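Listed below are the residues making up each chain.
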Amino acid sequence: MNKTNFTAEGNVLRVERSFNAPIDLVWRTWTEPELLDQWWAPKPWKSETSYMDFSEGGHRVYAMVGPEGEKHMARTNYLSINVHEQFSGEDAFCDDEGNINPEMPVSEFKNLFKDICKTTVVTITSKYASEEHLQQVIQMGMKEGLSMAFENLDKVLQKLHS
């Protein structure tokens, strides 16, 4: 089992995780909504993408749906994309129409993908407006949720890779 490493410094969170799959397959699971929804939410939650345009200037609107049917909406804006290398943008909470909630933390992120000996290392660097905003999302369970989602991703990759 691969371990997810988290490093918080000031208002920046760095997350690193390796996956036992080739970079093209890992890239697809992050950039195709049908695959992304299979792993993005920690169980028993589900991810449901209502809109996704994975292109520079595009965005994704999705719901994290809980076991009782509760929904938390989020939006990802894609700013730069270099296929199989990196993509960056911003993540925010939003309403059903994708309007960003200004009362919740927003992160500027960059996801790097690196091929190392037939595994893929993904490094996520997220910058928040303040250290308090970073601590707020950590207290909301972001580290635990992301670790669980990455375990889901391991299973999706295993299924796709076999």
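Read on for a plain summary of the structure. Keep in mind that this is a model prediction, so the values were computed, not measured.

## Thoughts on the overall build of the chain
Right, so step 1: Tallying secondary structure elements over the chain gives four helices and eight strands in all.
Right, so step 2: For the chain, the sequential pattern of α-helices and β-strands runs β-β-α-α-β-β-β-β-β-β-α-α.
Right, so step 3: Computed over the C-alpha atoms, the radius of gyration of the chain is 15 Å, within 12% of the 15 Å expected from 2.2 N^0.38 for a compact globule of 162 residues.
Right, so step 4: Reported as C-alpha extents along the three principal axes, the dimensions of the chain are approximately 45 × 35 × 30 Å.
Right, so step 5: Buried residues in the chain amount to 43% of all 162 residues.
Right, so step 6: The contacts of the chain with a sequence gap of at least 6 include a subset with a gap of at least 24, amounting to 45%.
Right, so step 7: Summed over all atoms, the accessible surface of the chain reaches about 8900 Å², with 50% contributed by carbon and sulfur.
Right, so step 8: In the chain, the 16 positive side-chain charges and the 25 negative ones have mean positions that sit 8 Å from each other.

About the cut-offs
Residues numbered from 1 in each chain as written. Predicted model: local features only at pLDDT ≥ 70, side-chain atom pairs only at ≥ 80, totals over all residues. Heavy atoms only, no water. Helix = DSSP H or I, 4+ residues; strand = E, 2+ residues; numbered from the N terminus. Rg over C-alpha atoms; globule rule 2.2 N^0.38 Å. Buried < 20%, exposed > 50% of the residue type's maximum accessible area, 1.4 Å probe, protein only. Contact = heavy atoms within 4.5 Å. Areas by Shrake-Rupley, 256 points an atom, 1.4 Å probe, with all protein chains shown as cover. Lys, Arg positive; Asp, Glu negative; His and termini not counted. Charge placed at Lys NZ, Arg CZ, Asp CG, Glu CD.

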